[in-house]
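# Structure assessment
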Amino acid sequence: MRDGAEPRDFIREIVAADVAAGKNGGAVVTRFPPEPNGYLHIGHAKAICLDFRVANEFGGHCNLRFDDTNPVKEDVEYVDSIKDDVRWLGFEWDDREYYASDYYEQLYGFAVRLIEKGLAYVDSLNADEIRAHRGTLTEPGKESPFRARPIAENLDLFARMRAGEFPDGAHVLRAKIDMRAPNITMRDPVLYRIRHAHHHRTGGTWCIYPMYDFAHPLSDAIEGVTHSFCTLEYVDHRPLYDWIITHCGTPATPRQYEFARLNLNYTIMSKRKLLQLVEQKHVGGWDDPRMPTISGMRRRGYTAEAIREFCTRVGIAKKENIIDIGLLEHCVREDLNRRAPRAMAVLRPLKLVLTNYPEGHSEQLEMVNHPDQPDAGRRRVPFSREIYIERDDFLEDPPKKFFRLAPGREVRLRSAYLVTCTEVVKNAAGELVELRGTYDPATRGGDAPDGRKVKATLHWVSASHAVDAEVRLYERLFTVEDPDGAAAKASAELTTLLNPASLEVVTGGKVEPSLGTPAAGARYQFERLGYFAADRDSRDGMPVFNRTVSLKDGFKSGTP
RNA sequence: UGGGGCGUGGCCAAGCGGUAAGGCGCCGGCCUUUGGAGCCGGUAUUCGAAGGUUCGAAUCCUUCCGCCCCAACCA
């Protein structure tokens, strides 16, 4: 299924029904509301696809709104990266780039209105006391002694909170709802807290900041959002969302709907924990190719199309899920197979000397850039007497199912010649040093005129023409399927479950000359190995490639 | 022990009272100058469990079981 052929999920059914019923005048406005406190990950991609595509499918639009209500955790670095990532994923928000912080003045006004209606009060209990009064899961909470504060006093105190007369934590503004509510979210939730902190956009103009539960529904209303999608952990907050909308008397009445967040096995999706990996240098940064971040995947060579396709295949539902990372990799292979030009690269070179090939001679062989797409064209690749083949493609004493090169065996060098291994050269220690063999001049291009067949086709690169390359091989970041769960169960540090083999740097790689100075981010299929993307660390004379994903390998080594 | 959400094959996921879509994975076969790709075929007598309603239930009712979320002045 390609982009555009969207499946019907419960969210789209709701929206379709609303549109059919003429709700909101038939308009559909959504929003993607990231908090700029970290980089976007694949879980956000699912939300982004939902938000933008639903709006698109119903002729509406999606706003990009930064939920920047907590200055101590947020930073412009994050808003920049978020914009880059959303754009890279292929979505546009035109001029609808909004910030909750742009609404601070309006939000303040709504808070005052709530106080005037006797629906909010300034509480002077400290954080510990508020927690103690909140009750527990099974016991109701107790009302704060400040709950009955007169409206005029609340108004005065709230104004002075804003004016900066009090230190952090001295007071807080709370909604007056129900301390006995079984839904803890409704037990007089905090609406505003004092934070003498620098905000990345408003600087020092404010020292009180609205809480998510207050700012979010109102921001939605201010923007005319009709359908506000969020993840399941906010289900309990929906009554509060509706309470805020109702009592603040906003003209628009956005509605919140919740879906299950995306989880992937062998990785984690918590921004807090990803930040920890970055800060403790367990990875190279937010865009380390092993990270489940959009920027990490981009650097690794994943395409936006593949990620979007993955998001549609994963679906939208309310069931908790842990998606197999294999599905993501499948989507990446599927897209790259179509678009990546083929190239020759040998990761662990083993020299093969063709003794009957004229010394000092070389020739240019034609190769197709893509076996299924003639339009991709052809290129010329040098061939000579000494070539490198993959170390893994030779076995002196091969098992039954191994049909690559072995002593006395003939195989094909892709688009070149049929060659036969005639001699195994070892050093004093008995280690394999190089191979000698012969080629059949009549098989130029790879086909034998007499019609004889070979079982294997190997990739290769001419030794004297090869370019050295560094190749970075990636494996899953964690050793266990559910790192969070496993760490909690064993009460161990999450970092103890990191896969020590998640990054292997191969420095002795040899690639064909055309790969000498690849364009930044250029993606190739290294034949028989996998898909690789040129990394920004590439230098002149030493290109660096990230293995995006390996090819599926039909040969199962070891016992079946 | 309170409130809420959810339980369909290994992982996702359709299904909305008429007799279990699809994808990934897996297993066969074909084809192949990538053990890639592609192409064919197979893979739940059963929908967390037990009762009930009905000619007929994954779909309706009842009870039970299991998993997840909530007690930040985080989002």
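Each residue is numbered by its place in its chain's sequence as written, counting from 1. The lettering of chains begins at A and the numbering of ligands begins at 1, in the order of writing. Two thresholds apply to this predicted model, a pLDDT of at least 70 for residue-level local features and 80 or more for giving and counting side-chain atom pairs, whereas whole-chain, interface and lining totals are computed over all residues. Side-chain figures throughout are based on the complete set of non-hydrogen atoms in the structure, without hydrogens or water.

### Description of the sheet that holds strand 21 (residues 467-474)
Think of it this way: DSSP has to see at least two bridges between two strands before they count as a pair. A run of H or I in DSSP counts as a helix once it spans at least four residues, and a run of E counts as a strand once it spans at least two, with each numbered from the N terminus. Across the sheet, seven strands lie side by side as 10-23-24-25-21-22-11; this open sheet has mixed pairing. The two strands at the open ends of the sheet, each matched to only one other strand, are strand 10 (342-343) and strand 11 (345-346). Examined bridge by bridge, strand 23 (residues 523-526) and strand 24 (residues 530-534) share four bridges and lie antiparallel to one another. Bridging across to strand 24, phenylalanine 526 finds its partner in glycine 530. Whether two residues are in contact is decided by their heavy atoms, any of which lying within 4.5 Å being enough. Here an axis means a line fitted to C-alpha atoms, over the contact stretch when the element is a helix, while the angle between two N-to-C directions is reported on a 0 to 180 degree scale. Those strands touched by helix 12 (residues 325-339) are strand 10, strand 23, strand 24 and strand 25 (544-550), and its axis lies near 115° from that of strand 25.

### Here we look at the packing of aromatic side chains
Working definition: rings of Phe, Tyr and Trp (its six-membered ring) pair if their centres are within 6.5 Å, and the pair is stacked with planes under 30 degrees apart, edge-to-face with planes over 60 apart, and tilted otherwise. As enumerated under the stated definition, the model contains 21 aromatic pairs in all. Centre to centre, the rings of phenylalanine 66 and tyrosine 99 are 5.0 Å apart; their planes meet at 20°, and the pair counts as stacked. Of the two residues, phenylalanine 66 is situated in strand 2 (residues 61-66) and tyrosine 99 in strand 3 (residues 97-99); the sequence distance between them amounts to 33 residues. Neither phenylalanine 66 nor tyrosine 99 differs from the other in exposure class; each is buried. With centroids separated by 5.0 Å and ring planes inclined at 55°, the aromatic side chains of tyrosine 357 and tyrosine 439 adopt a geometry described as tilted. With a gap of 82 residues between them, tyrosine 357 in the loop between strand 12 (349-354) and strand 13 (362-368) and tyrosine 439 in strand 18 (residues 432-439) connect regions that are remote in the sequence. Any residue under 20% of the maximum accessible area for its type is buried, any over 50% is exposed, and the rest in between are partly exposed; the area is computed with a 1.4 Å probe on protein chains only. Looking at tyrosine 439, the relative accessible area reads 11%, which means it is buried. Cluster of aromatic residues (ring-pair linked, three or more members): Tyr104, Tyr108, Phe158, Tyr192, Trp206, Tyr209 and Phe214. Lysine and arginine charges are scored as sitting over a ring when NZ or CZ, respectively, is within 6 Å of the ring centre and within 35 degrees of the ring normal. Between arginine 298 and the ring centre of tryptophan 88, over which it is positioned, the NZ or CZ distance is 5.3 Å. Sitting above the plane of the tyrosine 266 ring, arginine 476 keeps its charged end 3.8 Å from the centroid.

### Looking at the pairing of strand 16 (residues 410-413)
On a regular strand, each side chain points to the face opposite its neighbour's, so the side chains alternate between the two faces of the sheet. Only one face of strand 16 is covered, namely the face carrying Val411 and Leu413; the face carrying Glu410 and Arg412 is uncovered. Alignment of strand 16 against strand 17 (residues 418-426), held across three bridges, turns out to be antiparallel. Looking at strand 17, one finds that glutamate 410 is bridged to threonine 420. Counting the residues that bridge the hairpin from strand 16 to strand 17 gives four residues, and of these serine 415 lies at a positive phi of roughly 60°. As paired elements, strand 16 and strand 19 (residues 457-458) share two bridges and run parallel to each other. Residue pairing in the sheet places arginine 412 in a bridge with threonine 457 of strand 19.

### Description of the confidence of the model for chain A
For chain A, per-residue confidence averages 96 on the pLDDT scale, and 98% of positions sit at 70 or higher. For residues 1-5, every residue scores under 50 in pLDDT, and the model assigns this stretch eight contacts once sequence neighbours within four places are set aside. With a pTM of 0.96, the predicted complex shows an ipTM of 0.97. You can read pLDDT as the predictor saying how much it trusts each residue, on a scale of 0 to 100.

### Quick look at the side chain of threonine 231
With respect to the helices and strands, the residue threonine 231 is situated in strand 8 (residues 227-231). Residues in contact with threonine 231, not counting those within four places in the same chain, are Glu258, Phe259 and Arg261.

### A closer look at the nonpolar core
Core analysis: the largest hydrophobic core is formed by 51 residues, its most contacted members being Phe32, Ile42, Val86 and Phe310. Residue assignment for this core shows that the elements contributing at least two residues are helix 1 (10-20), helix 2 (42-57), strand 2, helix 3 (76-89), strand 9 (255-259), helix 10 (294-300), helix 11 (304-314) and helix 12. If one sorts the elements of this core by residue count, helix 2 sits on top with nine residues. When neighbours within four sequence positions are excluded, valine 86 is seen to be in contact with Phe32, Leu40, Ile48, Phe52, Phe91 and Trp93. By convention a nonpolar core is built from buried Ala, Val, Leu, Ile, Met, Phe, Trp, Tyr and Cys residues, the set being connected through side-chain atoms within 4.5 Å.

### Considering the pairing of strand 17
Across seven bridges, strand 17 lies against strand 18 in antiparallel orientation. Of the residues in strand 18, the one forming a bridge with lysine 426 is leucine 432. The hairpin formed by strand 17 and strand 18 contains five residues between the paired strands, and glycine 430 there has a positive phi angle of roughly 85°.

### Quick word on the sheet that holds strand 4 (residues 120-123)
The pairing of strands in a sheet comes from backbone hydrogen bonds and takes either a parallel or an antiparallel form. Here four strands make up an open sheet; going across it, the order is 4-5-6-7 and the pairing antiparallel. A strand with exactly one partner marks an edge of an open sheet, and here the two such strands are strand 4 and strand 7 (208-210). Averaged over all neighbouring strand pairs, the angle between strand axes comes to 20°, with direction disregarded. Strand direction decides the pairing type here: strand 4 and strand 5 (residues 172-175), joined by four bridges, are antiparallel. Paired with valine 122 across the bridge in strand 5 is leucine 173. Contacts from helix 4 (residues 104-116) reach strand 4, strand 5, strand 6 (190-194) and strand 7 within the one sheet, and its direction differs from that of strand 6 by about 120°.

### Some remarks on the protein's contact with RNA strand B
Nearness is judged by heavy atoms alone; a residue qualifies as near a molecule or strand once a single heavy atom is within 4 Å of it. In the vicinity of RNA strand B there are 66 residues, among which Arg342, Phe403, Arg414, Gly445 and Gly554 approach most closely. Sugar plus phosphate: this is where 61% of the atoms of RNA strand B within 4 Å of the protein reside. Definition of a polar contact: a pair of N or O atoms within 3.5 Å, with one able to donate and the other able to accept a hydrogen when the atoms are protein atoms, and with sequence-neighbouring residues admitted only if both atoms are side-chain atoms. Here tyrosine 234 contributes a side-chain N or O atom positioned 2.5 Å from a base nitrogen of RNA strand B. Elements with a minimum of two residues in the surface near RNA strand B: helix 5 (127-133), strand 6, helix 11 and helix 12. Residue type decides the class: Asp, Glu, Lys and Arg count as charged, Ala, Val, Leu, Ile, Met, Phe, Trp, Tyr, Cys and Pro as nonpolar, and the leftover types, Gly among them, as polar. When its residues are assigned to classes, the surface near RNA strand B shows 23 nonpolar, 17 polar and 26 charged.

### Looking at helix 9 (residues 271-279)
Where helix 9 is concerned, the buried positions are Lys271, Leu274, Gln276, Leu277 and Val278. Contact partners of the buried residues in helix 9: helix 2. Lysine 281 sits one or two residues past helix 9 and shows a positive phi near 60°.

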